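Each chain is listed here by its residues.
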Amino acid sequence: MKLAALGEVMVELSPRGEGLLAQSFAGDTYNTAVYVARSGVHTSYVTLLGDDPYSEQMLEAMRAESIDTGAIERLPGRCPGLYSIYNTPDGERYFTYWRGESPARELFADQLQRERLQNYLREVDCLYLSGITLAIMAPHARECLLTFIGEFRAGGGRVAFDSNYRPRLWTSVEEAREAVSAFLQQSDIALLTLEDEQLLWGDGDADECLQRNGRYRLSELVLKRGAEPVLLQHDGELCAIPVPEVREVVDTTGAGDSFNAGYLAARLQGEEPEAAISAGNRCAAAVIRNRGAIIPRSIAPGVTSR
Ligand code: ADP
């Protein structure tokens, strides 16, 4: 089984004491790709990079994680997006982004690039993308991706989607709703977070959220709710799977992304949805016990293994 994750990986700068910043790489679908690859599933990351040293380092980081980089195009004279984390005096984290010119924004925009990508993606079993992937793409490119996804599914491919709503990446909430809705209509597996759904759609509670999403023809609908039980709608049945308690939560960055990785890896390895949710919970638990969205392999070499 092969998975391809589409999106943007950025340079991350996070505070490490007076005047010091640690540099790493992260991005929602990229974080997921890393943990899926660590679980032994063949994983590709699909994005565009530049020809600068950071792009080079990103490729090296992906190869070190056994992520297939064969679909990544390089744009001359460009460099990846960047974000910094600032710890406010009252303990909150403030994120600043410089990603407006990121080469990943050209995903699916150019015809030749699109044709090459489509040929590549026809060979994979599962595509994974998020609301952030859609938000950074040009509207026309989004349309083209949606058309391709229709063909991909008709050919037997599966599509997994996390709405990951980030208001400032969209021109309006209506634009976000329209795009997210169109892609959910063409998804098999929805991995949603209640908080994001409420922000995007104004759902009062989980029931309302599940009901609203019932209009899509999803085979699996997973609703993440932090430490609250994960809800699964599958085969016309709804069940709640408890989240094991994590006593020392250090940093919840990447909780949802790593949960998705555990879930998708398990499903692609033949596990049933209920068991895949437990794998998602295990993967997320290992990540939130440590700092950063991507924890070192040495801490949890195979975070999704039982
Ligand atoms: P997101 O990171 O997208 O906001 P959630 O906060 O819903 O997503 O968390 C995703 C998953 O991470 C949960 O389903 C659970 O497995 C795990 N998780 C998050 N917060 C906690 C917590 N406080 N204790 C235990 N597990 C957690």
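Here the structure is a predicted model, which is why all the values come from computation and not from measurement. (Residues numbered from 1 in each chain as written. Predicted model: local features only at pLDDT ≥ 70, side-chain atom pairs only at ≥ 80, totals over all residues. Heavy atoms only, no water.)

Let's talk about the site of the ligand
With respect to spatial proximity, 16 residues lie near the ligand, and among them Thr193, Gly226, Val243, Gly256 and Asn281 are the closest. The side chain of Thr193 places a nitrogen or oxygen atom 3.1 Å from an oxygen atom of the ligand. With respect to the ligand, the backbone of Gly256 contributes an N or O atom lying 2.8 Å from an oxygen atom. For the ligand, whose accessible area on its own is 550 Å², the fraction buried by protein is 82%. Of all the secondary-structure elements, those providing two or more residues to the shell around the ligand are β12 (220-225), α9 (255-268) and α10 (273-288). Residues that form the shell around the ligand fall into these classes: 10 nonpolar, 4 polar and 2 charged. (Near = heavy atom within 4 Å. Polar contact = N/O pair within 3.5 Å; in protein donor to acceptor, adjacent residues only side chain to side chain. Areas by Shrake-Rupley, 256 points an atom, 1.4 Å probe, with all protein chains shown as cover. Helix = DSSP H or I, 4+ residues; strand = E, 2+ residues; numbered from the N terminus. Nonpolar A, V, L, I, M, F, W, Y, C, P; charged D, E, K, R; others polar.)

What to know about the sheet that holds strand β4 (residues 42-46)
Here 8 strands make up an open sheet; going across it, the order is β4-β1-β9-β10-β11-β12-β13-β14 and the pairing mixed. A single partner strand is all that each edge strand has here, and the edge strands are β4 and β14 (237-241). Adjacent strand axes in the sheet meet at a mean angle of 15° when their direction is disregarded. Of the strand pairs in this sheet, β12 and strand β13 (residues 228-234) are connected by 5 bridges, and their pairing is antiparallel. Paired with Leu221 across the bridge in β13 is Gln233. Against the sheet, helix α5 (residues 139-154) contacts β1 (2-6), β9 (126-130) and β10 (158-162), and its axis sits at roughly 150° relative to β9. Contacting β1, β9, β10, β11 (189-193), β12 and β13, α9 runs over the sheet at an angle of about 150° to β12. (Pairing = 2+ DSSP bridges. Axes fitted to C-alpha atoms, helices over the stretch in contact; angles between N-to-C directions. Contact = heavy atoms within 4.5 Å.)

Observations concerning the sheet that holds strand β2 (residues 10-15)
Strand order in the open sheet formed by 4 strands is β3-β2-β7-β8, with mixed pairing between adjacent strands. In this open sheet, the two edge strands, each paired with only one partner strand, are β3 (21-26) and β8 (93-98). Neighbour-to-neighbour, the strand axes of this sheet turn through a mean angle of 25°, independent of strand direction. For strand β7 (residues 82-87) and β8, the ladder comprises 6 bridges, and the chain directions are antiparallel. Directly across from Ser84, in β8, lies its bridge partner Thr96. Sheet strands touched by helix α2 (residues 53-64): β2 and β3. Its angle to β3, the strand with the most contacts, is close to 65°.

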